[in-house]
Amino acid sequence: MIKPDHWIRLWGEKGGADPYDPDLVNSASYDLRLSEHWICPTRDPEDFSSAKCKLFPGEVVLASTLEYVRIPRGVACDLKLKSTLGRLWINHSLAGWCDPGFEGNITLELQNLGPEPFVLDAGRRIAQLIFIAMESEPEVAYGDPGSSSHYQGQRGTTRARR
């Protein structure tokens with residue numbers, strides 16, 4: 001079952017997103033914004049902070065959400081790119097799932113599929129979290145001892161950890 005706006009507001013007010021902005025609550029999702037931290041392997045330096053990042057056709061950049069999120073143990077989240085960005089040929093299809101218990105900034109893999117450069121602005125609404133209630137809490141949530149979590153507590157844009 002997908003959680004509604006009043007549940008999302010309560011989640012945010014209790015520290016589910018930092019910073020929390022009630023204007024980012026939708027009827028069945030919470031919008032997330034871009035931070036100023038980027039990692040792009042075709043740039044020098046490839047790890048940088050900036051209010052803007054110009055993404056060239058075919059180029060991929062790692063970015064992160066401005067919001068540090070805390071996903072409750074009884075909920076999983078599906079992360080979807082805002083539809084306006086998809087209509088502008090920006091893609092985020094590599095990873096989009098937050099396990100119960102995950103906590104941290106979410107790293108995004110963004111690619112420009114269009115024919116023109118596209119400027120990504122820090123603070124822009126980039127994606128939305130959809131909260132899905134689980135039948136029950138897992139025995140081992142993300143970040144618990146015994147879990148295979150690599151990114152618990154990550155801050156900023158985070159490279160792959162193997």
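Our subject is the structure that appears above.
I will try to describe carefully the structure that is included in this document. These numbers come from a predicted model, not from an experiment.

Regarding its fold elements, the protein chain presents 2 helices and 11 strands. Tracing the protein chain from N to C terminus, the helices and strands come up as α-β-β-β-β-β-β-α-β-β-β-β-β. Its C-alpha radius of gyration of 16 Å places the protein chain within 12% of the 15 Å reference for a compact globule of 162 residues. Once the C-alpha set of the protein chain is aligned to its principal axes, its extents read approximately 45 × 35 × 25 Å. Considering only residue pairs separated by 6 or more positions, the protein chain has 72% of its internal contacts joining residues 24 or more positions apart. When the accessible surface of the protein chain is split by element, carbon and sulfur atoms take 51% of a total near 8,600 Å².

Tracing the backbone shows Asn112 in strand E9 (residues 103–112). Judged by relative accessible area, which is 1%, Asn112 ranks as buried. Once you skip the residues sitting within four places of it in the chain, Asn112 turns out to touch Leu55, Phe56, Pro57, Gly58, Glu59, Trp89, Ile90, Pro117 and Phe118.

Right, let's get into the nonpolar core. Judged by nonpolar contacts, the single largest core of 35 residues is most densely connected at Tyr30, Ile106, Leu110, Leu120, Ile126, Leu129 and Phe131. Apart from the residues within four sequence positions on either side, Leu129 is in contact with Ala28, Ser29, Tyr30, Leu32, Val69, Ile71, Cys77, Asp78, Leu79, Cys98 and Ile106.

Time to look at the packing of aromatic side chains. Per the counting criterion, the structure on display carries 5 aromatic pairs. Summarising the aromatic geometry, the rings of Trp7 and Phe131 are spaced 5.2 Å apart at their centres and angled 55° between planes, so their arrangement reads as tilted. In this pair, Trp7 is assigned in helix H1 (residues 5–16) and Phe131 in strand E11 (residues 125–133), connecting sequence segments 124 residues apart. A residue is classified by how much of its surface remains accessible, and Phe131, at 0% relative accessible area, is buried. Aromatic pair Trp11 and Tyr30: ring centres 5.5 Å apart, planes at 75°, arrangement edge-to-face. With a gap of 19 residues between them, Trp11 in helix H1 and Tyr30 in strand E2 (residues 30–39) connect regions that are remote in the sequence.

Structurally, the position occupied by Ile2 is in the segment before H1. Between the alpha carbons of Ile2 and Glu109 there is a distance of 25 Å; along the sequence they are 107 residues apart. Residues within four places of Ile2 in sequence aside, it is in contact with Ala28, Ile130, Phe131 and Ile132.

The next point concerns the pairing of strand E5 (residues 60–70). Bridge count between strand E1 (residues 17–18) and E5: 2 bridges; the pairing is antiparallel. Looking at the pairing, Asp18 lines up with Tyr68 of E5. Here E2 runs beside E5; their pairing, made up of 3 bridges, is antiparallel. Among the inter-strand pairings, Ile39 is bridged to a residue of E5, identified as Leu62. Across 8 bridges, E5 lies against E9 in antiparallel orientation. If you follow Leu62 over to E9, its bridge partner there is Glu109.

With 12 residues, H1 ought to run about 16 Å at 1.5 Å a step, yet its terminal C-alpha atoms sit only 14 Å apart, falling short of that. Along H1, the residues that are buried comprise Ile8, Trp11, Gly12 and Gly16. The arc that holds every buried residue of H1, seen down its axis, measures 100°, which confines them to one face. Across H1 from its buried face, at more than 90 degrees, point the exposed residues His6, Glu13 and Lys14.

Cut-off values and rules
- Residues numbered from 1 in each chain as written.
- Predicted model: local features only at pLDDT ≥ 70, side-chain atom pairs only at ≥ 80, totals over all residues.
- Heavy atoms only, no water.
- Helix = DSSP H or I, 4+ residues; strand = E, 2+ residues; numbered from the N terminus.
- Rg over C-alpha atoms; globule rule 2.2 N^0.38 Å.
- Contact = heavy atoms within 4.5 Å.
- Areas by Shrake-Rupley, 256 points an atom, 1.4 Å probe, with all protein chains shown as cover.
- Buried < 20%, exposed > 50% of the residue type's maximum accessible area, 1.4 Å probe, protein only.
- Core = buried A, V, L, I, M, F, W, Y, C linked by side-chain atoms within 4.5 Å.
- Phe/Tyr/Trp six-rings, centres within 6.5 Å; stacked < 30°, edge-to-face > 60°.
- Pairing = 2+ DSSP bridges.
- Expected span 1.5 Å × (residues − 1).
- Arc of directions from axis to C-beta.

It is worth stressing that arrangement in space is one thing and function is another; only the former is reported here.
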